[in-house]
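# Overview (structure and organization)
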Amino acid sequence: MTDTRIPAVRPRAATPPVTAPRRSARGRGARLLAALFLAPTVTGIVVFTVVPIIGSVVLSLFHWDVIDPPGFAGAANYREVFTDSTVLVSFRNTLVFMVFAVAAQLLVALSLALTLNGRMPGWLRSVFRSAFFFPLVLSAASISVVMKYLFNQDFGVVNWLIGLVGIAPVPWLTSELGAMATVIIVYVWQQFGFSFLLFVGGLNNIPREIHEAAALDGATGLRKHLALTLPLLSPTLLVASVVGIINALQVFEQPYVLTDGGPGDSTRTVVMVIYEKAFEQLRFGEASAVGVLLFVLIMAVTAVQFRLSRRFVHYQ
Amino acid sequence: MSRATLTSRPLPSLSRARYSLGPWARVAGLAVCALLTLGPVVWTVSTSLRAPADSFNLPPQIIPARPGTAAYHGVFDQIDVWLLALNSTLVTALVAAGQMITAGLAGYAFARLDFRFRKPLFGLVLATMMVPLQVTIVPVFLVLKSMGLTDTLLGLIIPAFPTAFGTFLMRQYFLGMPKDLGEAAMLDGAGPWRIFRSVYAPLATPGLAIVGVLAFNYHWNEFFRPLILETSGQNYTLPLGLVSLQGNLGTGSVSVVLAGVVLSMLPAVAVFVVGQRPLREGITSAGVNR
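Residues numbered from 1 in each chain as written. Chains lettered and ligands numbered in written order. Predicted model: local features only at pLDDT ≥ 70, side-chain atom pairs only at ≥ 80, totals over all residues.

This part takes up the overall build of chain A. Helix and strand counts for chain A come out as 12 helices and 2 strands. Shown N-terminal to C-terminal, the secondary structure of chain A runs as helices and strands in the order α-β-β-α-α-α-α-α-α-α-α-α-α-α. Scored against the burial criterion, the 316 residues of chain A give a buried share of 44%. A fraction of 72% describes how many contacts in chain A between residues 6 or more apart in sequence connect residues 24 or more apart. (Helix = DSSP H or I, 4+ residues; strand = E, 2+ residues; numbered from the N terminus. Buried ≥ 20, exposed ≤ 12 C-beta atoms within 10 Å, placed from the backbone. Contact = placed C-beta atoms within 7 Å.)

Spelled out as structure tokens, the structure:
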């Protein structure tokens, strides 16, 4: 399902400080309680996220295969990684995947949300809404198992369906282009519901008077959406694209199950390379170097988005 | 919904023509998309109920001509479904319960208790939402190894207890409750613990439900961490078992694999039906709580 780690949510401005008298017994009680309440979360986050991030950076500077003691490597792992054609291809694949998957996901989700926003009986609306977000609750791994049969070149339902309109069978999983397309389609099929729900929520937040005023001015259809709805929806678009991109850069299950990175390396993604280097080849240093690079890439892409958003996002 | 008020106004003749056609085209388009979305799921269920020999029949029979449960018996013969389901249930239930506790407590502290470093600590928690799991997995694996927790279910459960998103969600939830309640209790002489226990905690159930449902949905389907941590079959969770079922099935029947998929889907579908509202709210809150 969609990742629950969702960034890009800015906290509301902190609440005014609690007015309990300082240094009183009650204030001390509150501080003690706060320490107790925070202990599990903060300890957990330090041990399982903060220390591992630092650990990743440190590890990326060492040669280590678990068996022999680690030896300092300096930048050797990074040099290794930058000349490793599999690693380079995996970054290219992941970026190509990200561009097409996120674009498709946002486009599908936005058109469906806008269409659903039109006039129709309430029960029908909720049936459609449930249908569109249903795939989100399924496991990406088992859905990929199912899709592997559906996209089979010889006996898959997909080629049978497109055969009905006279298209020749497509080698979905056995050609380089087809494999990437399949991974994208399967990913988008499962993920678009997430952006869809965000857009539905965003559309509900647009005050009704704005639509009424636009209708009085004679704005309808696509023009109304382009001139009016999209700017009002732009904060939601920002969140949906930031989260969409972060999730897409971490794609793993779909290519792992559908194509195992093939044919050749054509669908091998960065996370697959991290997995293979660390847990199949026991090259922990190189795996960490790739991980650090992925982290830097994610941060950079997100920063660029927020920079761009200053120009395109309108807050009401 | 907003259209209801629009249509009561007189419309120009041009858009009246569009309106008479519009709704039908819209509903038809949505229906086609809904079919495409649910189609693979329907195909999975119906193929799992077909006789194995009919798995690849084209056109696909949605209503099986020779229905049977042979495929389901096949799943139980080939993998220990009960063990996998027990493992998945244990992991998912404990993680969900753990996240509700940690997020509830930390969210309350961030929302309603006054202490030094509240802002930077909350900033730290929020910042960790940006860190992808795969970037930290190697050191996490090593930490767990040093604790002797690799290839155990606890190794999956304990690191999943802290939840940055859940903490954020619960903080928002507690912030939304009226402050007067706690102040009134304080005037009556209640201490911070009493105020939490008797005033705010009982009101937090719907928020905790969101955290719980999201945790269930994510961890029931989780694949990456179990794949890395669990090496022996007795510690596999359902998604791992299913992929291995497909792996050693070069000769066997598709319907057996699909029956396995259907079995593993059932709890997720049950939660979808029962907990759709908290699930939707949890997902949407990411975009709307700005």
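There's plenty left to go through after this.
Cis geometry is found at the peptide bond from Gly262(A) to Pro263(A), where omega equals -5°. With respect to the element layout, Pro263(A) can be found in the loop between α10 (253-258) and α11 (270-280). Despite not being glycine, Phe117(B) shows a phi value in the positive range, around 65°. Looking at the element boundaries, Phe117(B) is found in the loop between α4 (81-112) and α5 (118-127). You will see that Asp151(B), though not glycine, has its phi angle at about 55°, which is positive. With respect to the element layout, Asp151(B) can be found in the loop between α6 (133-146) and α7 (153-157). Accessibility expressed as a C-beta count within 10 Å gives 14 for Asp151(B), which makes it partly exposed.

Our focus in this paragraph is the UniProt feature "transmembrane region" (unreviewed entry) in chain B. All names here are of chain B. Following the UniProt record, the feature "transmembrane region" (unreviewed entry) maps to residues 21-43, 90-110, 122-144, 156-174, 195-220 and 254-275 here. Between the C-alpha atoms that bound residues 156-174 there is a distance of 29 Å. The span itself is 68% helix and 0% strand. As annotated, residues 195-220 has a helix share of 85% and a strand share of 0%, and its two end C-alpha atoms lie 35 Å apart. (UniProt positions renumbered as here; feature names shortened; annotations may be inferred.)

On to the packing of helix α2 (residues 76-83) of chain A against helix α12 (residues 284-312) of chain A, then. All names here are of chain A. It is at 9 Å that the axes of α2 and α12 come closest, and there the two elements cross at 70°. By the angle class used here, α2 and α12 are roughly perpendicular. Only Gly285, Glu286, Ala289 and Val290 of α12 make contact with α2, whose side of the interface consists of Asn77, Tyr78, Glu80 and Val81. When its residues are assigned to classes, the contact of α2 with α12 shows 4 nonpolar, 2 polar and 2 charged. (Axes fitted to C-alpha atoms, helices over the stretch in contact; angles between N-to-C directions. Parallel < 35°, antiparallel > 145°, perpendicular 65-115°, else oblique. Nonpolar A, V, L, I, M, F, W, Y, C, P; charged D, E, K, R; others polar.)

Attention now goes to the UniProt feature "transmembrane region" (unreviewed entry) in chain A. Residues and elements named next belong to chain A. According to UniProt, the "transmembrane region" (unreviewed entry) feature falls on residues 32-62, 95-116, 128-151, 179-200, 232-252 and 287-306. Here residues 95-116 runs as 100% helix and 0% strand, with 31 Å between its end C-alpha atoms. End C-alpha to end C-alpha, residues 128-151 measures 25 Å, and it is 71% helix and 0% strand.

Turning our eyes to something else, we now look at the interface of chain B and chain A. Listed by partner, the interface residues are 89 residues for chain B and 95 residues for chain A. In terms of residue count, the dominant contributor to the side of chain B that touches chain A is helix α2 (residues 13-48) of chain B (13 residues). The class makeup of the residues in the side of chain B that touches chain A is 62 nonpolar, 21 polar and 6 charged.

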